[in-house]
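Results of the structural survey
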Amino acid sequence: MQTSALDQEHDVRRILAQYKDRPGPLLEVLHAVQGAFGFIPPQAIGPIAEGLNLSRAEVHGVITFYHYFRSTPPGRHVLKLCRAESCQAMGADALAAHAEARLGVSFHESTPEGHFSLEPVYCLGLCACSPALLLDGEPHGRVTPQRLDALLEEAEAGAGGGR
Amino acid sequence: MFAIDYHDHGTPAPAAAGAPVTLEIDGQAISVPAGTSLMRAAALAGIAVPKLCATDTLNAFGSCRLCLVEIEGRKGYPASCTTLAEAGMKVHTQSQNLSRLRRGVIELYVSDHPLECATCAADGHCELQSMAAQVGVTESAYAPGAVHRPLEVDRSNPYFQFDPQLCIVCSRCVRACDDIQGTFALTVQGRGFDSKIVASQAQPFLQSECVSCGACVESCPTAALSEKSLTVGRPRTHAVTTTCAYCGVGCSLTAEVGGTSDAPQVVRMVPNRTGHANHGHACVKGRFAYGYAVHPDRQLKPLIRAHITDPWQEVSWEAAIAHAAREIRRIQARYGRDAVGGITSSRCTNEETFLVQKLVRAAFGTNNVDTCARVCHSPTGYGLKSTLGESAGTQAFTSVTEADVILVIGANPTDGHPVFASQMKRRLRQGAKLIVIDPRAIGLVRSPHIEADLHLQLRPGTNVAVLNALAHVIVTEGLTREPYVAERCEQPSYQRWKAFVSEARNAPEALAEVTGVAPELVRRAARLYATGGNGAIYYGLGVTEHSQGSTAVMALANLAMATGNLGREGVGVNPLRGQNNVQGSCDMGSFPHEFSGYRHVSDPQVRGLFEQAWGVSLDPEPGLRIPNMFEAALDGTFRGMYVQGEDFVQSDPDTHHVTSAMAAMECVIVQDLFLNETAKFAHVFLPGSSFLEKDGTFTNAERRISRIRRVMPPRAGYADWEVTMLLARALGYPMDYHHPSEIMDEIARLTPTFTAVSYEKLDRLGSIQWPCNEAAPEGTPTMHVGQFVRGKGRFFTTEYVPTSERVNGRFPLILTTGRILSQYNVGAQTRRTDNVVWHAEDVLEIHPHDAEARGIADGDWVGLTSRTGETVLRAQVSERIAPGVVYTTFHFPQTQANVVTTENSDWATNCPEYKVTAVQVVRITQAEAWRTRAAQERSAARPRDAAHA
């Protein structure tokens, strides 16, 4: 999964060419870069700033403002647990505690071997199926700790990465 | 942290002041222009509303919630910084509820702020401390919780430090960097409790995009960002308003002074918010790089020696002055009155410059006086005087705020004139169009939020061709403003010019091969400048320092006249003057052919005036210019020279030629802060005084006369004007001034453009733009309003004549020179400050293609050879310059960039052609050996024949 620096540079340039003439292109570029690499490599900030005629500080500020944007590679699987009101009311806190214990990490962290990253998310629009989560982009509702274990095992057993 | 003598109004004055509105604040009626914030209105009424995130150099932000007020008839507690004054409002800034709210806010701030005020550099000047005292909070009301401690202090910048533990995240620094400086180097990283101010990508300031202008430091309410010169227990006792002694922007600065009354010390320098040139902004040089004044290299004792090969001998002032006077008279007795001369300095004050030329004309009895402006903006004087009638820029800097199309040619404002550049960039961010004509991709071509609409990357030496091509398009496409020209300009000259520029050979297509600029770009630039609204031209030494420097200045004036872009705000032809007082030194009669106010020495009426005032008869013939002095020295007819504050040997072109001339003289008197390169050829050295050690005035690029004020006594005992007086007295021509104000009074009496200038008025108004006389008692921000100073504007035909400096197989590249932000000219001052951390040596920028063809990698040592000399420096491979062109700066004596420049010069004024030299560049491995060999060849240099005059 590791892309070479050269490929990365090439991809960033391609993304910039695609978006730079749109109004307010920074967020779209950041989404595209994270889409391509799973995170926004710090060394991509210079080219992004240069391409959009912004300062590196501005780009860094935007990236760090949004929790969604990552500056380090994610684990092979990304688990996003909803922590908003409806899910909380339906046991999301217990589910979160279970997830942290099961994976041995806190929110915003990845497991040491890089299998899983655990992220909080605030409302997936699945309030009717609370508590809800996203695993590698796939929504799952009415998740119990047992169901979560099953999902994680399934993901681990499955070939390759999700994302 | 508070400046010690400034009262902050919280928010800026509204950009477009509306009709006055009257409201009541705490029962007090006040009228303010519509668009004024309640906070500012209160401040104007003498009521200080508590605040932390607001300051009057930045737009209101409304984040600290401390400035809440109550407005009768409205619900809630609006922030006074973001609420605008309305007629009839009744505002209360104090109430029990407001006190409670404010105390709550401060308690939260204080809960995460170390309350170690007594050991903090901001103690007594801290806005948080002051606000806490105002609302009655002395300690945190909360149980210990999460705090931002400990965090590491960033001390990477040599002048200031960032201590994030003291930071209240008010964003003033970020906003200052964005809105005032326009660099965008700071940001808030993260959000919520994790929010932290960082530079670039959370890097140390020194490694970030920061240009060290200090705007962030100035705006910080606490000591999170603070000058390293502020230390605990070193109080600032008083403030002195003075003027920066670096570039031609002439920023007004406030020196905050501490120390003892016997030995006062500048503790920090802050830009003056009421300064008319800089409006509270400064750059890394003006704000921080004043330490040279107390550098141990300062030569504080007079020196003499018989021969330049002898060691210096320290003597008393009396002995040095007597020796100098004796030598001048001896040389005059032996070789004639005109065998001596003097050089005034654009670094010294108007009064000092005036005295030196008076000394030369009245005491030496010759007009052999010239100034370093010869080598920079003499073509400006000539070109603008010929076309418009006055030897100066046409606008105030603030005019740029009304420009719609900005044309920058041969200038690099973000490096050379950074504070004005910030103003220009603000206008560009508001949407003004930008045309850059420059061989190099200067910072303005593209930097965060700034992008030139057109960059005409011409070959060095082809300015006139490009300007003719622009004129061709404007005329042949019918874009001239005929009614304007018909009313204001000389018709025959206009018709001649029109016919000339319309010739097919001046079309952009015909000149493309010469200029290297695509014709379509020229056409677009011409249309944009002529039809895009207010067109303002800004230019620098990239225009003047050419064999056709004067022609190019006239070509610019032609363009402005033909398109009606003169005589009002937002337009004009504006030279960006290099030195703090280059305008002033020219105004003061430093040129061999002119008295003060640009009046020819041959005019009997003018000369009579001076003869009467000075009690001597004056020579009606112009004297020698600097290059003529060198030629005459080599001929043996010019033997003695008084040089005040100028370092020719490093700054003037073709160093070999200059040093041979200097070595041929019998008495060279150098008056300077340091034993500079020129002092190596001197027989008498008289210690100079820095701008902190004397009173006087400087005149900046917008003709603005500003006071400098003495902060400390002259370190060597005398201010420069006093030294000139000593010399005059020893020569039997006593001058009797007790204060520079008396010299200004004499200047005013003798100079029509200065008649209403006085120190009293300068103190009252802050600064004055000349002409200042009966017709304009408070000065003249914009010139040529209604009509040109010369009556009708005159067009000159500007035939492009290629320079004789040509590239060929042996010298295939063109060298052009420039400056960098952190260093100043020959670097005598900035090299003696911590500014060297940004630029410790001159480097040669070379395009990747040219580098590759020569096997040169970034950072390699290269030899740079021209027809006149050679030098060694490091290469920097860069796409900023076009293939075929190389670029360097001239700040370091080790480099001696001017060893390679030629003695070609402007046809009208002899301004040297620094900007075009044919060179070859080779990669070398043994830099030291190469340098030694070059130096040996140099010292063996022959006194050259004087066939080039």
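The next point concerns the domain arrangement of chain B. Residues and elements named next belong to chain B. As far as domains go, chain B holds domain 1 (303-375 + 581-745), domain 2 (378-575) and domain 3 (813-939). Taken together, the contacts link 17 residues of domain 1 with 18 residues of domain 3. At the level of elements, helix H22 (648-651) and helix H23 (655-663) are the ones that each hand at least two residues to the side of domain 1 that touches domain 3. The element that contributes the greatest number of residues to the side of domain 1 that touches domain 3 is H23, accounting for 3 residues.

Turning next to helix H3 (residues 42-52) of chain A. Residues and elements named next belong to chain A. Among the residues of H3, Ala44, Ile45, Ile48 and Ala49 are the ones counted as buried. Down the axis of H3, the buried set is contained in an arc of 140°. They therefore lie on one face. Phi for Asn53, located one or two positions after H3, is positive at around 60°.

Before going further, it helps to examine the pairing of strand S2 (residues 28-33) of chain B. Residues and elements named next belong to chain B. As judged from the 6 bridges shared by strand S1 (residues 20-25) and S2, these two strands associate in the antiparallel manner. Looking at S2, one finds that Pro20 is bridged to Pro33. A loop of 2 residues connects S1 with S2, the two strands running antiparallel in sequence, and Asp26 in this loop sits at a positive phi of about 50°.

This paragraph deals with the interface of chain B and chain A. Chain B puts 17 residues into the contact, and the matching count from chain A is 12 residues. Ranked by residue count, the leading element in the side of chain B that touches chain A is strand S6 (residues 186-189) of chain B, at 4 residues. Looking at the side of chain B that touches chain A residue by residue, the classes come out as 7 nonpolar, 6 polar and 4 charged.

Time to look at the domain arrangement of chain A. A common way to express how large an interface is: the accessible area buried when the components associate. Domain parsing of chain A yields domain 1 (5-65) and domain 2 (77-157). The straight-line distance from the C-alpha centre of domain 1 of chain A to that of domain 2 of chain A is 29 Å.

A few words now on the sheet that holds strand S20 (residues 454-456) of chain B. Within a sheet, each strand pairs with its neighbour through backbone hydrogen bonds, oriented either parallel or antiparallel. Residues and elements named next belong to chain B. Read across the open sheet, the 5 strands follow the order S20-S17-S16-S21-S22; overall the sheet is parallel. Edge positions in the sheet fall to S20 and strand S22 (573-575), since each has one partner strand and no second. With direction set aside, neighbouring strand axes in the sheet form an average angle of 15°. The pairing of strand S16 (residues 405-409) with strand S17 (residues 433-437) spans 5 bridges and is parallel. Within the sheet, the bridge partner assigned to Ile409 lies in S17 and is Ile437.

For any two helices packed against each other, the geometry is given by the interaxial angle and the distance between the axes. Residue and element names in this part refer to chain B. Two elements in contact, helix H2 (residues 96-111) and helix H3 (residues 127-135), have axes separated by 9 Å at closest approach and are oriented at 140°. Regarding the angle of H2 to H3, the classification is oblique. Along this stretch, H2 crosses H3, giving a crossing that reads as left-handed. For the pair H2 and H3, the contacting residues are Ser99, Arg102, Arg103, Ile106, Tyr109 and Val110 in the first and Leu128, Met131, Ala132 and Val135 in the second. For the contact of H2 with H3, the per-class residue count stands at 7 nonpolar, 1 polar and 2 charged.

Cut-offs used in this document
Residues numbered from 1 in each chain as written. Chains lettered and ligands numbered in written order. Predicted model: local features only at pLDDT ≥ 70, side-chain atom pairs only at ≥ 80, totals over all residues. Domains from an automatic or database assignment. Contact = placed C-beta atoms within 7 Å. Helix = DSSP H or I, 4+ residues; strand = E, 2+ residues; numbered from the N terminus. Buried ≥ 20, exposed ≤ 12 C-beta atoms within 10 Å, placed from the backbone. Arc of directions from axis to C-beta. Pairing = 2+ DSSP bridges. Nonpolar A, V, L, I, M, F, W, Y, C, P; charged D, E, K, R; others polar. Axes fitted to C-alpha atoms, helices over the stretch in contact; angles between N-to-C directions. Parallel < 35°, antiparallel > 145°, perpendicular 65-115°, else oblique. Left-handed = near helix turned anticlockwise from the far one by under 90°.

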